[in-house]
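One letter stands for each residue in the lines below.
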Amino acid sequence: MTAPPAPAPSPTTRGLIIRRFVPLTAGPIALLALLAAPEGSPTAAPTAQAAECSYADTPARGPISRARADRALRCLISNEREARGLGRLDTSGRLSEPAQRHTRDMRRREYFSHVSPGGMNVVDRVRAYTSYVDGSRGWRLGEALAAHYASTTTPRRILATMMASTSHRTTLLTSRFRHIGVGWTLGAPNGSDRGATVAIVVGDR
């Protein structure tokens, strides 16, 4: 008798906020506060009755490109923020670049973490690949990660997983964030060709 196939891993999420504040009198001295939770607990937090977001329900292995997934996730996140009286987030190519690089790296090297095997975190990636924080005396960055292992996953399902996590809601619904970048890579960080690996970077400067 053939054993039944092993069940697919459950969707995985991680959320993180890093803030840097430089007092006006402090010169080069900076205070770095790291608030992180490896995975939040599901809650009954309300979800926005969204305006229509194109491709929000298109499966990862369907006719959805990275650009379409990007737009769908940004639209869904903006709906969640507006439902709570928060401002929409403006798209930033300078945040999209490190987000996309991180999803490709997690997929290629088969790990799932805010910190890469080489020790880079979201601040390191933003600084290495963009000028987003250059010249700013005070900034904050947040990063939300998701790994889904089923080819039927969609942007809406990915965001639903994130919104069921305390750390992700804190990251995506922080009122002072103004910019967003989305990374989306087909395939999961466990080596599977199914599903998707997602990174969302939000920022303010």
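In this text, all values refer to a predicted model and were calculated from it rather than measured experimentally.

1. Notes on the nonpolar core
Stage number 1. In this structure, Ile 158, Leu 159, Met 162, Leu 172, Trp 184, Val 198 and Ile 200 are the most contacted members of the largest nonpolar core, which totals 27 residues.
Stage number 2. Sorting the residues of this core by element identifies α1 (66-83), β4 (138-148), α4 (155-163), β5 (179-186) and β6 (196-204) as the ones contributing at least two each.
Stage number 3. The biggest single contributor to this core is α1, with five residues.
Stage number 4. Apart from residues no more than four positions distant in its own chain, Val 198 is found in contact with Leu 73, Thr 103, Ala 144, Leu 145, Ala 146, Ile 158, Met 162, Gly 183 and Trp 184.
Stage number 5. Met 106, Val 123, Trp 139 and Ala 199 belong to the second largest nonpolar core, which has 18 residues in total.

2. What to know about the packing of helix α2 (residues 93-109) against helix α3 (residues 122-129)
Stage number 1. Where α2 meets α3, the axes come as close as 9 Å, and the angle between the chain directions of the two elements is 120°. As judged from the angle between their axes, α2 and α3 are oblique. Considering only the axes of α2 and α3, their crossing is right-handed. Contacts between α2 and α3 involve Leu 95, Glu 97, Pro 98, Arg 101 and His 102 from the first element and Arg 125, Val 126 and Tyr 129 from the second.
Stage number 2. Of the residues that constitute the contact of α2 with α3, the class distribution is four nonpolar, one polar and three charged.

3. With respect to the pattern of salt bridges
Pairs may arise between side chains of opposite charge once their charged atoms sit close together.
Stage number 1. Summed over the entire model, instances satisfying the criterion amount to 11 salt bridges.
Stage number 2. Of the charged contacts, one joins Asp 57 and Arg 156 as a salt bridge, the two residues approaching to 2.7 Å between their closest N and O atoms. Taken together, the residues Asp 57 in the loop between β2 (31-37) and α1 and Arg 156 in helix α4 connect sequence positions 99 residues apart.
Stage number 3. Under the relative-accessibility criterion, Asp 57 is labelled partly exposed at 48%.
Stage number 4. A salt bridge links Asp 105 to Arg 109, with the shortest nitrogen-to-oxygen separation between them at 2.9 Å. Linking Asp 105 with Arg 109, this pair stays in helix α2, spanning four residues, or about one helical turn.
Stage number 5. For Asp 105, a relative accessible area of 14% gives the class buried.
Stage number 6. What makes Arg 109 partly exposed here is its relative accessible area of 37%.
Stage number 7. Among the charged side chains, a salt-bridge network with shared partners connects Asp 105, Arg 108 and Arg 109.

4. Side note on the pairing of β4
Stage number 1. For β4, the tally of buried residues reaches 10 of 11 residues, placing the bulk of the element in the interior.
Stage number 2. With nine bridges joining them, β4 and β6 adopt antiparallel strand pairing. Following the sheet pairing, Ala 144 is matched in β6 by Ile 200.

5. Some points on the state of the cysteines
Stage number 1. Scanning the entire structure with this criterion turns up one disulfide.
Stage number 2. A sulfur-sulfur distance of 2.0 Å marks the disulfide that ties Cys 53 to Cys 75. Taking the sign of the torsion about the S-S bond as the criterion, the disulfide between Cys 53 and Cys 75, at about -75°, is left-handed. You can see Cys 53 sitting in the loop between β2 and α1 and its partner Cys 75 sitting in helix α1, a full 22 residues away along the chain.
Stage number 3. Judged by its relative accessible area of 4%, Cys 53 is buried.

What counts as what
Residues numbered from 1 in each chain as written. Predicted model: local features only at pLDDT ≥ 70, side-chain atom pairs only at ≥ 80, totals over all residues. Heavy atoms only, no water. Core = buried A, V, L, I, M, F, W, Y, C linked by side-chain atoms within 4.5 Å. Buried < 20%, exposed > 50% of the residue type's maximum accessible area, 1.4 Å probe, protein only. Helix = DSSP H or I, 4+ residues; strand = E, 2+ residues; numbered from the N terminus. Contact = heavy atoms within 4.5 Å. Axes fitted to C-alpha atoms, helices over the stretch in contact; angles between N-to-C directions. Parallel < 35°, antiparallel > 145°, perpendicular 65-115°, else oblique. Left-handed = near helix turned anticlockwise from the far one by under 90°. Nonpolar A, V, L, I, M, F, W, Y, C, P; charged D, E, K, R; others polar. Salt bridge = Lys/Arg side-chain N within 4 Å of Asp/Glu carboxyl O. Pairing = 2+ DSSP bridges. Disulfide = S-S within 2.5 Å.

Everything listed is a geometric property; what it means functionally is a separate question.
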